[in-house]
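These are the residues of each chain, in order.
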Amino acid sequence: MRKCLLYVRISSDQQSTGDSIPRQKAKLLEYLQNNPDTLDCNNYELIVDSGKSGWKAEHLHSTAGLGKLFARIEANELNGTAFLVESLGKYSRENPFKV
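Overview of the structure.

Definitions and limits used
- Residues numbered from 1 in each chain as written.
- Predicted model: local features only at pLDDT ≥ 70, side-chain atom pairs only at ≥ 80, totals over all residues.
- Heavy atoms only, no water.
- Patch = residues over 30% accessible without salt bridge, like charges linked within 9 Å, V, L, I, M, F, W, Y side chains within 5 Å.
- Areas by Shrake-Rupley, 256 points an atom, 1.4 Å probe, with all protein chains shown as cover.
- Salt bridge = Lys/Arg side-chain N within 4 Å of Asp/Glu carboxyl O.
- Helix = DSSP H or I, 4+ residues; strand = E, 2+ residues; numbered from the N terminus.
- Buried < 20%, exposed > 50% of the residue type's maximum accessible area, 1.4 Å probe, protein only.
- Pairing = 2+ DSSP bridges.
- Contact = heavy atoms within 4.5 Å.

Another point: a nonpolar patch on the surface. A surface patch of nonpolar side chains, about 210 Å² in accessible area, is lined by Tyr44, Leu46 and Val48. With respect to the helices and strands, Val48 occurs in strand β2 (residues 39-50).

And the structure:
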């Protein structure tokens with residue numbers, strides 16, 4: 001079974017008072033639990049970018065969660081790890097194949 005990286009993002013600090021992060025996390029955990037043959041629901045890491053705009057690519061900066069994740073990928077630290085995100089819009093507002 002594969003370790004999973006769960007990625008959640010909200011665009012503004014104003015959204016932090018809502019349920020977006022808990023809702024995204026709950027959906028991703030549900031997906032893990034529904035796919036136990038390939039994903040390890042007990043071995044996951046939650047990556048949160050709170051107040052990071054996808055339009056402005058703030059979540060890709062080296063200090064942001066997704067930016068740090070890319071650095072770990074480039075360092076070959078995450079081979080065989082699954083990356084889960086609720087929707088491509090949470091991953092990036094840019095072309096996902098160029099990010």
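Here the focus is the pairing of strand β1 (residues 2-10). Summarising burial for β1: 7 of the 9 residues are buried, a large majority. By the bridge criterion, 8 bridges tie β1 to β2 in an arrangement that is parallel. Across the sheet, residue Arg2 finds its bridge partner in β2, namely Leu39. Where β1 meets strand β3 (residues 82-85), 4 bridges bridge the pair, whose relative direction is parallel. Residue pairing in the sheet places Cys4 in a bridge with Ala82 of β3.

Quick look at the environment of Lys68 now. Secondary-structure assignment places Lys68 in helix α2 (residues 65-74). Looking at Lys68, the relative accessible area reads 47%, which means it is partly exposed. Counting along the chain gives 21 residues from Lys68 to Ile47, while the straight-line C-alpha distance between them is 9.5 Å. Non-local contacts of Lys68, meaning those with residues more than four positions away in its chain, are made with His61, Ser62 and Thr63.

Attention now moves to the environment of Gln24. Position of Gln24 among the secondary structure elements: in helix α1 (residues 20-33). Distance from Gln24 to Arg9, taken between C-alpha atoms, is 8.4 Å for residues 15 residues apart in sequence.

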